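Structure assessment
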Amino acid sequence: MPESKSHKTTSNRIAKKYNTDYNNGNGVDVKSPRATIEVETSDTVKDAPGQLRGHKGPCYIAGTNAEAVQKALEVARGTTIGIMDNQGNIVKRSTRKK
């Protein structure tokens, strides 16, 4: 499936906020020393926990819109994964240690 404009925009915005680059290839979308972030649309959010599996330190799912953020909150309930909105603001803090 081709990358959506909202996914690319959100990924670049968050990467800039974390002073790193957006990885549009395989692997997580944004990786910085402070956090690992997987950006998802409402259609793909269910895949994010699997993509974040094995990563050390704080991990987040960033939703591209309000619907994606709500779905991410449901998917991440009871896990150590945190949630961000499309601006990179933390909605639910990750409980994974560095």
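Presented here is an overview of the structure given in this document. Values in this document were obtained by computation on a predicted structure and should not be read as measured data.

Procedures and definitions
Residues numbered from 1 in each chain as written. Predicted model: local features only at pLDDT ≥ 70, side-chain atom pairs only at ≥ 80, totals over all residues. Heavy atoms only, no water. Helix = DSSP H or I, 4+ residues; strand = E, 2+ residues; numbered from the N terminus. Rg over C-alpha atoms; globule rule 2.2 N^0.38 Å. Buried < 20%, exposed > 50% of the residue type's maximum accessible area, 1.4 Å probe, protein only. Contact = heavy atoms within 4.5 Å. Areas by Shrake-Rupley, 256 points an atom, 1.4 Å probe, with all protein chains shown as cover. Lys, Arg positive; Asp, Glu negative; His and termini not counted. Charge placed at Lys NZ, Arg CZ, Asp CG, Glu CD. Salt bridge = Lys/Arg side-chain N within 4 Å of Asp/Glu carboxyl O. Pairing = 2+ DSSP bridges. Axes fitted to C-alpha atoms, helices over the stretch in contact; angles between N-to-C directions.

**Details of the overall build of the chain**
Helix and strand counts for the chain stand at 3 helices and 5 strands. The order of helices and strands in the chain, counted from the N terminus, is α-β-β-α-β-α-β-β. The C-alpha radius of gyration of the chain comes to 12 Å, within 12% of the 13 Å expected for a compact globule of 98 residues. For the chain, the spread of C-alpha atoms along the principal axes amounts to about 30 × 25 × 25 Å. Split into buried and exposed, the 98 residues of the chain put 42% on the buried side. The contacts in the chain between residues at least 6 apart in sequence include a share of 38% that link residues at least 24 apart. Accessible surface, the chain as shown: approximately 5,700 Å² in total, 48% of it carbon and sulfur. Charge-centre separation for the chain: the mean point of 17 positive side chains lies 9 Å from the mean point of 10 negative side chains.

**Section: the pattern of salt bridges**
Across all of its chains, the model carries 1 salt bridge by this definition. Note that lysine 71 is salt-bridged to glutamate 67, the shortest N-O span being 3.6 Å. Taken together, the residues lysine 71 and glutamate 67, both in helix α3 (residues 66-76) and 4 residues apart, mark about one turn of the helix. Assessed through its relative accessible area of 46%, glutamate 67 is described here as partly exposed.

**What to know about the sheet that holds strand β2 (residues 36-40)**
The mixed open sheet is built from 5 strands, whose spatial order is β1-β2-β3-β4-β5. Each end of this open sheet is capped by a strand with a single partner; those strands are β1 (30-31) and β5 (90-92). Pairing analysis gives 2 bridges linking β1 to β2, with the strands arranged antiparallel. When the bridges of β2 are listed, lysine 31 appears paired with threonine 36. On the sheet, helix α1 (residues 5-17) packs against β1, β2, β3 (59-63) and β4 (82-84) and is oriented at approximately 160° with respect to β2. Against the sheet, α3 engages β2, β3, β4 and β5, with an angle of about 180° to β4.

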